[in-house]
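Chain residues, written in single-letter form:
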Amino acid sequence: MSQEANPAPRSLAEALRARDDASLAALLRSRPDLITPVPTDLTQLATRAGTRASVLRALERLDRFALQTAEALAVAPDPASKAALLGLMAGDAGDETVAAALPRALATLREQALVWGDDERLRLVRTARELLAPSPQHPSPTGLGPTVHEATSGMSPGRIQEIVSTAGLASTHDSVSAVTALAALFTHRKKMAKLLSGAPEGSLEVLSRLVWGPPYGQVTAEPAAHLRWLLDRGLLLPTAPGTVVLPREVALHLRAGRAHREPEPLPPAVEPAATHRPQGVDATAAGQAHTALATVEELLKDWDEGGPAVLRAGGLSVRDLKRTAVALDAPEPVAAFWVELAYAAGLLASDGEADERYAATPFYDEWMERPPAERWALLAGAWLTATRAPGLVGGRDAKDRTLSTLGPGLDRSAAPEVRHRVLTLLSGLPAGAAPAPESVLTRLYWERPLRGTAGTPRPGKDTPAEDLRTRLARWTLMEAELLGVTGRGALSTHGRALLGAPGAGTSGAGPNGVAGATGGVGAGGTGGSAGDLGASGLSAAGEPGGPGDKLPVHHHRAATPTAPSTAASLAPLVPLSPAAQAVAVATAARLLAPLLPEPLDHVLLQADLTAVAPGPLERPLAEMLGVLADVESKGGATVYRFTPGSVRRALDAGRTAADLHDFLARHSRTPIPQPLAYLIDDVARKHGHLRIGAASAYVRCDDDALLSEILADKRATALRLRRLAPTVLAAQSDPAALLEGLRAMGFAPAAESAEGDVLITRAHAHRTPPRTAPEPVPDGPPPPDATLLSAAIRAIRAGDLAATAPRKPAGTDPAAGELPRTSAAETLATVQAAVLTGDSLWIGYVNAEGAASQRVIAPIRVEGGFVTAYDHTADEVRTYPLHRVTGVAELAEE
């Protein structure tokens, strides 16, 4: 009785029609491409859900066990019962763990509209079956071959009868019944065991080599006796001259009914490699965060007056990256990470000038005014959501061009999801526990076995040959440590807060809507090894290749599950809202702030012309000291060295000797050493004694003896000087070159303006026009929010109601999809009558662009040649010109 009340759906559209709004919302949330644009009704939604591109995207979102379940359905009869599916997954002996996990995997496939039908008639969406089912050109990830019916489709009836008779079955009057009897024999466990018990030893060895795939092999024109025994009984069937295949039914018998060699219903656990004190982890991460801030500041200071030139194709040249790496005292890949991080945070960009160069943005000055913890949180937040992958720098794109830092081609839409997922997995470990990197990679592969293949390095050209998702995970672990999100490999307290849900584990829905992974996913390795099957004349065929868009065969990666999990399959990353992101960043900054060292207002001057900063310095002190001295070494304490050139740099910036003495006296905990005081006074006494201005360039000095000394110096030959007056020399080089030349000779000239005033050169002058941080490249359509979901479901329901409403014929056949046709008088009379009775009508309508559509309306009033009605299709009140209505028809009574 219940079956009559709720008949089994006959199509995916009917199955979707039976869903409630919450189930439809879950489908649209997990597959956002289905809602772009919003379908007009459920039939269009079902059609879109079955397209190849959409199904491929949905399969890529499946975890390993859910994918294994779909692969099993692809080799099961269509439709298949849940009991048959369980047999394929758990085998004849049954596996309680697989049986317990199967309902979740099946629910995931149903939720994503990849499977429909009740438990007695499960159907895999046709496109998914085409992608996952085995064929000679596209082997199945299960390693299974074609069925007996498929393998014998081109075989002669006489040969089929010979096989049936040799297998011990009675002859039949037609080939169809003979093949059916043979398939029944192969699926009968006891009869098959009896048949194989009489097989030669070599025959069983051949079957063992093919059982887990690839199921194809090569035979010679005169096969050996043990191969002939298999061919005569249909245990191997020919598919092409010299090629045989192991039928699916035979393979399943030899596998004890299992479609996969190793079903993986449970996610592999993330194993801790070491455990540290949480306080030590936070302190280490905070120290690294401080180093990260110092590195980014140093990078941008180095580019303050105009950084490297922008390549014609975009990005930094290899030479400029090498120079940057030397300046930051870091390897080139790490230097590329810092440059990309500053770019992602909006701190640097190209200046857009004719001679385009990279420089700091105006936001950099605003960023520098913030407290250190806030500056770090902005960097970490930008890193977490950026789609650019610095680890790709130095690789090759699809056109074999080198990928450069800040250049095009570094965006990978999977990067934010992978970073977030890696940190979420780390947050599931006990505080202070650092994971074994390989266990993290194994878990990520289990969760998304089909993701990232587009970025896989090409064998022979790029190494290591890891999929993109695995490489992104490796880079995430390294970058998180560099940035101070982790310390000693373990997630820090402030790093946990950055996820948006401090303390979130992996057993349930994690921050950003990422659910904890549970349930296995099959990547279906074939498991068998191809190779020579012995001197019998049969060799295992390699996986037959061929063009097409079948899913790749993913070979098994061993992982030992240790803990069951019952949460739903992983959902796409749902970005935090701007408000939630701001809260997460602020929380991370608040937790980090007490761990960062307080900036100091003093240094220690030493007699060897150095100053030691025992910690981070206050910004004004650090900026002034950076002008007055050169950084000699970094670490826990920074060592600055005073040189004639650095002192002259401070004098060029407008400081006097008295200013420098006063500055050092105020900020040094030790007295100013006599050598340093002499150095400052000596450079100041010479500074500005020579004046250089623009002629081409000239030098003037009140001391004509000094000018004579310069003229007599052989090192001045390249400057091409000549005396214009006792106190003036002229040069054919420009003022800047003249300044550098005389300074290299040991003099201390000062530049002057056209009015004769000394020019003061100040650093930190070059900025780009206002630039915003680069927008992340989305991974397909963004997940819909609750408002969009609600509106879309209402529109789909309304459109479906209008499309499926029963109608009375009105001179046309509604089932044929034609518009109703009535005269203008009949249309007006019918609409006016519907206003009085309150009935709904089916109308044909042609809009101003000439597009025709069918609609179901409930007329409210008719006046002035217009009808105002509630449009069930659009779920709103609309007004239609009557002259655009092609005709009307009444809806059939319920």
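1. Observations regarding helix 14 (residues 201-210)
Right, so step 1: Residues of helix 14 that are buried: Ser-203, Val-206, Leu-207 and Leu-210. On an axial view of helix 14, the arc spanned by its buried residues comes to 100°, and they lie on one face.

2. Regarding the environment of Arg-794
Right, so step 1: Examined against the element boundaries, Arg-794 turns out to sit in helix 33 (residues 786-804).
Right, so step 2: It is 8.8 Å that separates the C-alpha atoms of Arg-794 and Asp-21, two residues lying 773 residues apart in sequence.
Right, so step 3: For Arg-794, the side chain forms a polar contact with the side chain of Ser-790, separated by 2.9 Å.

3. Side note on the nonpolar core
Right, so step 1: With 90 residues, the main nonpolar core has Leu-59, Phe-186, Leu-235 and Leu-236 as its most contacted residues.
Right, so step 2: If you tally residues by element for this core, the top one is helix 6 (residues 64-75), at eight residues.
Right, so step 3: Residues Leu-384, Ala-415, Leu-425 and Leu-472 belong to the second largest nonpolar core, which totals 73 residues.

4. A word on the sheet that holds strand 13 (residues 604-606)
Right, so step 1: Read across the open sheet, the four strands follow the order 13-14-16-15; overall the sheet is antiparallel. Of all strands in the sheet, those with a lone pairing partner are strand 13 and strand 15 (630-633), marking the two edges. The average undirected angle you get between the axes of adjacent strands in this sheet is 30°.
Right, so step 2: One ladder, built from four bridges, connects strand 14 (residues 610-613) with strand 16 (residues 638-641); its direction is antiparallel. Among the inter-strand pairings, Ala-613 is bridged to a residue of strand 16, identified as Thr-638.

5. Here we look at the sheet that holds strand 26 (residues 885-890)
Right, so step 1: One open sheet holds the five strands; their spatial order is 25-24-23-22-26, and the pairing between them is antiparallel. With one partner strand each, in any of the chains shown, strand 25 (876-881) and strand 26 form the two edges of the open sheet. Recorded for the sheet is a direction-independent mean angle of 45° between the axes of neighbouring strands.
Right, so step 2: Lying on the sheet, helix 34 (residues 824-837) is in contact with strand 22 (841-846), strand 23 (852-863), strand 24 (866-871) and strand 26; it crosses strand 23 at an angle near 60°.

About the thresholds
- Residues numbered from 1 in each chain as written.
- Predicted model: local features only at pLDDT ≥ 70, side-chain atom pairs only at ≥ 80, totals over all residues.
- Heavy atoms only, no water.
- Buried < 20%, exposed > 50% of the residue type's maximum accessible area, 1.4 Å probe, protein only.
- Helix = DSSP H or I, 4+ residues; strand = E, 2+ residues; numbered from the N terminus.
- Arc of directions from axis to C-beta.
- Polar contact = N/O pair within 3.5 Å; in protein donor to acceptor, adjacent residues only side chain to side chain.
- Core = buried A, V, L, I, M, F, W, Y, C linked by side-chain atoms within 4.5 Å.
- Pairing = 2+ DSSP bridges.
- Axes fitted to C-alpha atoms, helices over the stretch in contact; angles between N-to-C directions.
- Contact = heavy atoms within 4.5 Å.

So, to be careful, I would describe these as geometric facts and stop short of saying anything about function.
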